[in-house]
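Residues per chain, in single letters:
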Amino acid sequence: MLHAQEFPVKGIVTNVDDKSGIPGVSIVEKGTMNGTTTDIDGKFQITVNPGAILEFRYIGMKTKEVSATKGKDLYVELSPDQIAVNEVVVTAMGIRKEKKSLGYAVQRVGSVELQDSKQNNLVNALQGKVAGVTVTNSGGAPGASSVIMIRGGNSLSGDNQPLFVVDGIPIDNSTENNPAIASSNRALDINPEDIASISILKGPAAAALYGIKAANGAVVITTKSGKAGKAQISYSGSASVDEVMSTPDIQMVYGQGTQMDDGSTNTSTTYSWAKDPLSASTPRYNNLKDFYKTAISQNHNLTYSAGTDKTSMYMSVGRLDQSGVIDHTNYDRTSVRLKADSKLKKNLNIGGSFNYVNSESDRTRQGSSNSGNFRSILSYPININMKDYLNEDGTQKFLPGVDDAPIDNPYWSAINNPINNRVDRLIGIGNISYNPFDFLNITYRLGTDMFFEKNKSIYASGSATYNNGYISEYAAFNQITTSTLLLNFNKSINDNNLALTVGNNVESSYYRKNYWTGQNFIEADFPGINNTESADRTVGQSSRRKRIVSLFGDFKYDWKSLVFFNMTGRVDKSSTLPKNNNVFFYPSFGVSVLPYDILQTTGNDFLSPLGISYWKIRATWAQVGKDAPPHVLITPMASATNSYTIDPGGFIHATYPTGNPGLKPEFTTSMEVGTDLRFFKNRLGLDFTYYKSKSEDQILFVRMPPSTSTYGGYLNAGTVKNSGIELVLNAKPVVAENFSWNIDLNFSKMKSWVTELPGTIEQVEESDSWAFNNIAEGAAFLDGPLFGIYGKTYLKDDNGNLLLDENGMVQVDPVQHRIGNRAPKWTLGLTNTMHYKNFTLSFLWDVSYGNDVLNGTEAALAYYGLSPTTLNRNTQTTFKGLMPTGEVDTNGDIVYTENTKAVTLDQAYYQDRYAAVGENFVEDGSWLRLRYVTLTYNLPDDLFKNKISNAQIYVTGRNLLLFTGYSGIDPEVNTIGAAVKGTGSIGIDNLGTPSTKGFDIGVRLSF
């Protein structure tokens, strides 16, 4: 009888301003677990009891309650909460604040926007979506790392990436530093399907309460939670096809050979420097293009969500199987997540989450090393089939006549020289919230992020690099534990609203790595550490600890929610600084004013006739401190014995930096001003920000002279200034009954400049970023860019004239110079989203302008004789420059004259001159790309008799179009990876796995 009284109710939920349907609105029958959500058009259907009251909730909209009547469809209009200006964003320490109250810029990226890009690495999902944020992938290898920077960089030799925070707890986003492989950044462990939203806190002001780690901003992730209403099971799955965007052009005319001094050609070589073209009948092989295959991947996610007005639960299981464009490479990830919250009493809430992630990858080597697959491919001339790599007895077939070269066949190496990496990670968070009084909330949060990593690298017996075999393994453990106590006071006195948060934060981190190597396998076919003699083994351990204890406060005052003032302060005590300098304080001050609302309140509104519907002005000044890396106050001793100086013996410390017990914290001081304008009832929005910052007394790693018996050390020195503008534009050009069109534009222009360096130092080099043949590296320059290029040039005089030798040949300058700036002058992202009935089309154009790229890959192609540039080999040219006359002037200086001698562009020229000069390979890396296109179709619920809801199918294309003048594969490049600190290795193209393009097809549905 009771069920017979139930009745169905259907309807639509729309925006009161533009009458467009609102998807994803939560609808709950008040006082029950019965609920549903609106579909893509804002439509819904629910079965309710007589007298039911339905509660409609949506972020940024005012909650509305409506009585349900049998036989009557509901047409519900939701009003934007002050035209969405009451939008709540997650800021520091997980504190939620109204966006209108903030004195600094914050951008939020929702789950739908993340999913549109179909990226497995959540860092890549932010590409082009946030003003001031640059994301650079390290290549097309599965699981490859990505670098993210907010408003450029501040540090000369430290980390320039932001802090990552999940549900209020800082997590690790480190990358293993190994230039020979495409390592993963640990944010890759987070399943994008579990993310509800991401808030990007852009500067020291936004992240002041997170302290030291957030000096470069913060990426604050809020994960999905259970929803009130009926339990819901959801599934999403996709299949992907990827291939390399392209491969470098190679010359298909000349084959194997080395040009000898007597004019003959030696064909027993890894070079393609034959003098004479191959005959028409000789088979030719594009070994580089043929090496890469089509990669197939699949991604599956299953979630369970349930809740009442007191308890909620969310569970998810995700599985990603990603194969690589190189055979025998892959990245697999399994993620299990559980999150629950419960309201035990009216004033007591508890909650927690558990996230286990297992990832495993098989990789190959890359980069400049002889064993890197790209460099090995270049050792195969076009007249040799690289796929023919086995002898009849199953052993590796080397290049004809080149058995002693340390080059493994890339196909053989992918099978026999594997690199396996496995990570088991656990992120656990628990929190309790208690309200003893109406004006006081006490929150305590405890979280830990730990992972175990195992890595095994093998060279099989028969390898050209290690003929008798080699194995290298390590086992690492990393843990960050964070304890946070918050006391939140809120009090309103007439029109004055006061809020104060005081808190304590303790963060402890620990890292340990055990490693061992062995060579010369006893049994050739068994690669294992126990299959080597003890004399052929090495073993070692490294570890580091760090603790930061902090007290902080956040005071907010507002008058009628029209004028806001915010002040923060934080005191840190760091274990990595000396006792007399390990406690330091830094504050921030911010103000936000709403002129439009003030004018409306006073009855003097002259802005509405101009089309203005909202106006906010904001300003902030902030400072943030930064401590030293662990264990750099003293000089550690190496376990190596000095055997090369007078009276050898004892221990030396040549492999470690010299300690500095006098270090003090560095500080970054920043200011920003901005305005947020909305027009025509929220149809058009404009947000503008100007910012600048100054990072002083940097804890800088610098090179030391050999007389110090070490290679470097840390000191306080150096200043970096940062400035820029950001523009965010949101528009709804078309809003109709069956069609809507939204435009989101992000523009940023930034400059990171070095204004001070210690002593006579004119540049800070990043040696981990060396390109092929050491032609150039990343570096920061005094009175120059933070992200410069430092490399070899031809010898020139002060006027830029080439100084040739007596034969008229160019010469390589023994001193390196600044030859480029890898930072873009400006970037732009343009997202278009169109809805037509049940169809949604979303696509993103991404632009970078004015950034230089070092094409180390082209330098290698020229060196090996495979570059099309070398097709003019053995021709003659006369360089325009000055050559010595053989005389000196009265001051003893060499006398030069205009060159008239012709020289031959032979192998010696290309290898010893042309390919040895980094300046020859610096190119304009500006680009315009179609980042992705996603077409989605939402299937009607009645198609499945309402047993399946929110069903949709979609297809996505990634990196489909690229327009650039860069001669390489992709100017958005960072071959060496995200582990490189300081000036990093962005913009350095150096023999890595090419970037990929691909298609995805997938389905989503709920039960």
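Residues numbered from 1 in each chain as written. Predicted model: local features only at pLDDT ≥ 70, side-chain atom pairs only at ≥ 80, totals over all residues. Heavy atoms only, no water.

The protein chain appears in an unreviewed UniProt entry as SusC/RagA family TonB-linked outer membrane protein from Prolixibacter bellariivorans. The UniProt entry for the protein chain carries the following text under Sequence similarities (unreviewed entry): "Belongs to the TonB-dependent receptor family." Under the UniProt heading Subcellular location (unreviewed entry), the entry covering the protein chain gives this text: "Cell outer membrane". (UniProt positions renumbered as here; feature names shortened; annotations may be inferred.)

Undergrad: Can you help me understand the overall build of the protein chain in this one?
TA: The helix and strand inventory of the protein chain stands at 8 helices and 54 strands. Taking 1007 residues into account, the globule formula puts the C-alpha radius of gyration at 30 Å, and the protein chain, at 31 Å, falls close to it. Overall, the protein chain is about 100 × 65 × 65 Å in size when its C-alpha atoms are taken along their principal axes. Burial statistics for the protein chain: of 1007 residues in total, 54% are counted as buried. At a minimum sequence separation of 6, the contacts of the protein chain that also span at least 24 residues come to 69%. Total accessible area computed for the protein chain in this model is approximately 42,600 Å², and 54% of it derives from carbon and sulfur atoms. For the protein chain, the distance from the average site of its 90 positive side-chain charges to the average site of its 99 negative ones is 10 Å. (Helix = DSSP H or I, 4+ residues; strand = E, 2+ residues; numbered from the N terminus. Rg over C-alpha atoms; globule rule 2.2 N^0.38 Å. Buried < 20%, exposed > 50% of the residue type's maximum accessible area, 1.4 Å probe, protein only. Contact = heavy atoms within 4.5 Å. Areas by Shrake-Rupley, 256 points an atom, 1.4 Å probe, with all protein chains shown as cover. Lys, Arg positive; Asp, Glu negative; His and termini not counted. Charge placed at Lys NZ, Arg CZ, Asp CG, Glu CD.)

Undergrad: How should the nonpolar core be read in this particular structure?
TA: One recurring pattern in soluble globular proteins is that nonpolar side chains are buried together. Core analysis: the largest hydrophobic core is formed by 56 residues, its most contacted members being Tyr 292, Leu 378, Val 810, Leu 854, Phe 879 and Tyr 909. For this core, the secondary structure elements donating two or more residues are helix H3 (287-291), helix H4 (373-378), helix H5 (410-416), helix H7 (856-864) and helix H8 (907-912). Tallying contributions element by element places H7 first for this core, with 6 residues. Ranked by size, the runner-up nonpolar core spans 24 residues in total, among them Val 123, Val 166, Ile 195 and Ile 200. (Core = buried A, V, L, I, M, F, W, Y, C linked by side-chain atoms within 4.5 Å.)

Undergrad: I'm lost on the sheet that holds strand S42 (residues 817-821) in this one. Help?
TA: Backbone hydrogen bonds are what pair the strands of a sheet, in a parallel or an antiparallel way. Read across the open sheet, the 4 strands follow the order S38-S39-S41-S42; overall the sheet is antiparallel. Looking along the sheet, the strands with just one partner apiece sit at the ends: strand S38 (763-766) and S42. Averaged over neighbouring strand pairs, the angle between their axes works out to 40° when direction is ignored. Summarising the sheet, S38 and strand S39 (residues 776-781) pair through 4 bridges and their orientation is antiparallel. Bridge assignment links Gln 763 to a residue of S39, and that residue is Phe 781. (Pairing = 2+ DSSP bridges. Axes fitted to C-alpha atoms, helices over the stretch in contact; angles between N-to-C directions.)

Undergrad: Could you clarify how one ought to interpret the environment of Tyr 910 in this entry?
TA: Positionally, Tyr 910 belongs in helix H8. In this structure Tyr 910 comes out as buried when scored by relative accessible area, which is 2%. Residues Tyr 910 and Tyr 864, 46 residues apart in the sequence, show an inter-C-alpha distance of 9.0 Å. Not counting residues within four places of it along the chain, the set of residues in contact with Tyr 910 comprises Trp 273, Ala 862, Thr 869, Thr 870, Asn 872, Leu 905 and Ala 915. Looking at Tyr 910, its side chain comes within polar contact range of the side chain of Asn 872, at 2.3 Å. (Polar contact = N/O pair within 3.5 Å; in protein donor to acceptor, adjacent residues only side chain to side chain.)

Undergrad: Teacher, can you tell me more about the sheet that holds strand S7 (residues 74-78) here?
TA: Taken in spatial order, the 3 strands of this open sheet run S4-S1-S7, and their pairing is mixed. Each having just a single partner strand, strand S4 (43-48) and S7 make up the two edges of the open sheet. On average, adjacent strands in this sheet sit at an angle of 30° to one another, irrespective of strand direction. Looking at chain direction, strand S1 (residues 7-15) and S7 are connected through 5 bridges and run parallel. Within the sheet, the bridge partner assigned to Val 13 lies in S7 and is Val 76.

Undergrad: What am I meant to see in the pattern of salt bridges here?
TA: Pairing between side chains of opposite charge can happen when the charged atoms of each approach one another. Per the stated rule, a full pass over the model turns up 33 salt bridges. The salt bridge involving Lys 694 is made with Glu 696; its shortest N-O contact spans 3.6 Å. The class for Glu 696 is partly exposed, based on a relative accessible area of 32%. Among the salt bridges present, the one from Arg 931 reaches Asp 846, with a minimum N-O distance of 2.5 Å. In this pair, Arg 931 is assigned in strand S51 (residues 927-938) and Asp 846 in strand S44 (residues 839-849), connecting sequence segments 85 residues apart. The exposure classification of Arg 931 matches that of Asp 846, with both residues buried. Each of Asp 846, Arg 929, Arg 931, Asp 970 and Glu 972 takes part in a single network of salt bridges with overlapping partners. (Salt bridge = Lys/Arg side-chain N within 4 Å of Asp/Glu carboxyl O.)

Undergrad: For this particular structure, what's the right way to read H7?
TA: Count 3.6 residues to each turn of an α-helix, and residues three or four apart come out pointing the same way. With respect to burial, H7 is a largely interior element, 9 of its 9 residues being buried. As for H7, its buried residues are in contact with H4, strand S45 (852-855), H8 and strand S53 (988-989). After H7 finishes, the residue Gly 865 shows a positive phi value of roughly 85°.

Undergrad: Explain a nonpolar patch on the surface to me, please; I cannot follow it from the model alone.
TA: Nonpolar side chains collect at one region of the surface, where Leu 344, Ile 350, Ile 432, Tyr 444, Leu 446 and Leu 485 lie side by side and expose about 470 Å² of accessible area between them. When you line up the elements, Ile 350 lands in strand S23 (residues 348-363). A relative accessible area of 33% places Ile 350 in the partly exposed class. (Patch = residues over 30% accessible without salt bridge, like charges linked within 9 Å, V, L, I, M, F, W, Y side chains within 5 Å.)

Undergrad: Please explain the domain arrangement of the protein chain as it appears in this structure.
TA: The extent of an interface is frequently quoted as the accessible surface area lost upon association of the parts. Structurally, the protein chain comprises domain 1 (7-78), domain 2 (88-225) and domain 3 (229-243 + 295-372 + 408-787 + 822-851 + 928-1001). Between the C-alpha centres of domain 2 and domain 3 there is a distance of 4 Å. With 86 residues of domain 2 in contact, the opposing surface of domain 3 contributes 138 residues. Carbon and sulfur atoms make up 54% of the surface buried where domain 2 meets domain 3, a total of about 9,000 Å² over both sides. (Domains from an automatic or database assignment. Buried area = accessible area lost by both parts, 1.4 Å probe.)

Undergrad: Is there a simple way to explain the pairing of strand S33 (residues 684-696) in this structure?
TA: Where a strand is regular, its side chains alternate between the two sheet faces. Side chains Gly 685, Asp 687, Thr 689, Tyr 691, Ser 693 and Ser 695 project from S33 onto a buried face, and the interleaved Leu 684, Leu 686, Phe 688, Tyr 690, Lys 692, Lys 694 and Glu 696 project onto a face without burial. With antiparallel pairing between neighbouring strands as the criterion, strand S32 (residues 666-679) and S33 make up a hairpin whose turn holds 4 residues, including Phe 680 at a positive phi of roughly 55°. Pairing geometry for S33 and strand S36 (residues 719-735), over 12 bridges, is antiparallel. From the neighbouring strand, Tyr 691 faces S36, where its bridge partner is Gly 724.

Undergrad: Got a minute to help me understand the side chain of Asn 124 in this structure?
TA: The topology assignment puts Asn 124 in the loop between helix H2 (111-116) and strand S11 (133-137). Here Asn 124 is in contact with Gln 119, Val 135, Asn 137 and Ser 146, once residues within four sequence places are set aside.

Undergrad: Help me understand helix H6 (residues 595-602), please; the structure alone is not making it clear to me.
TA: Among the residues of H6, Pro 595, Tyr 596, Asp 597 and Leu 599 are the ones counted as buried. Where H6 is buried, its residues touch strand S30 (583-593) and strand S31 (612-626).

Undergrad: Explain the packing of aromatic side chains to me, please; I cannot follow it from the model alone.
TA: Within the structure shown, the criterion is met by 30 aromatic pairs. Between Tyr 459 and Tyr 466 the ring centres are 5.0 Å apart and the planes differ by 55°, which places this aromatic pair in the tilted class. Three or more aromatic residues joined by ring pairs make a cluster, and in this case those are Trp 273, Phe 879, Tyr 909, Tyr 910, Tyr 914 and Phe 921. Sitting over the face of the ring of Tyr 511, Arg 544 holds its NZ or CZ atom 4.1 Å from the ring centroid. (Phe/Tyr/Trp six-rings, centres within 6.5 Å; stacked < 30°, edge-to-face > 60°. Lys NZ or Arg CZ within 6 Å of the ring centre and 35° of its normal.)

Undergrad: Just checking my understanding: could you explain the confidence of the model for the protein chain for this structure?
TA: Regions with low pLDDT carry predicted coordinates that are not meant to be interpreted in detail. Per-residue pLDDT for the protein chain has a mean of 89; in total, 94% of the residues score no lower than 70. Considering only residues more than four positions removed or in separate chains, one finds that residues 644-654, a stretch of pLDDT under 50, has 27 contacts. (pLDDT = per-residue confidence, 0-100.)

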